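# Understanding the architecture of this molecule
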Amino acid sequence: MDIEWKIIDENHHEVFVNQHVRGLLWITPAGFSFWHSFPNPGVDVSHAKDVEEARKAVESALRHVGI
């Protein structure tokens, strides 16, 4: 599985799996959230302390379901 991140701007990072967009990581002063496209799993990133931790949570969930 080829996972790639593309930084849109300082508040938005897109995640691609095998060159298909799979979601958008939102970075706000209040924390992190992840919008995902079907059939991605729901990913709770509200606990993440930084962008790297949020990305790892998203990647782990994507690998777990084998998308």
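None of these values were measured; they are calculated from a predicted model.

Cut-off values and rules
- Residues numbered from 1 in each chain as written.
- Predicted model: local features only at pLDDT ≥ 70, side-chain atom pairs only at ≥ 80, totals over all residues.
- Heavy atoms only, no water.
- Salt bridge = Lys/Arg side-chain N within 4 Å of Asp/Glu carboxyl O.
- Helix = DSSP H or I, 4+ residues; strand = E, 2+ residues; numbered from the N terminus.
- Buried < 20%, exposed > 50% of the residue type's maximum accessible area, 1.4 Å probe, protein only.
- Core = buried A, V, L, I, M, F, W, Y, C linked by side-chain atoms within 4.5 Å.
- Contact = heavy atoms within 4.5 Å.

Further remarks concern the pattern of salt bridges. Taken as a whole and assessed by the stated rule, the structure comprises one salt bridge. Residue Glu-59 pairs with Arg-63 through a salt bridge whose shortest N-O separation is 3.6 Å. Of this pair, Glu-59 and Arg-63 both sit in helix H1 (residues 51-65), separated by four residues, roughly a single helical turn. Classification of Arg-63 as partly exposed rests on a relative accessible area of 48%.

Next up on the list: the nonpolar core. The biggest cluster of nonpolar side chains holds 15 residues, and the ones touching the most others in it are Val-15, Leu-25, Phe-32, Phe-34, Val-45 and Val-58. Listed by contribution, the elements that provide at least two residues to this core are strand S1 (3-9), strand S2 (12-17), strand S3 (20-28), strand S4 (31-36) and H1. When residues in this core are grouped by element, the largest group, four residues, is from H1. Those residues in contact with Phe-32 that sit more than four places away from it in its chain are Leu-25, Trp-26, Ile-27, Val-45, Ser-46, Ala-48, Lys-49, Asp-50, Val-51 and Ala-54.

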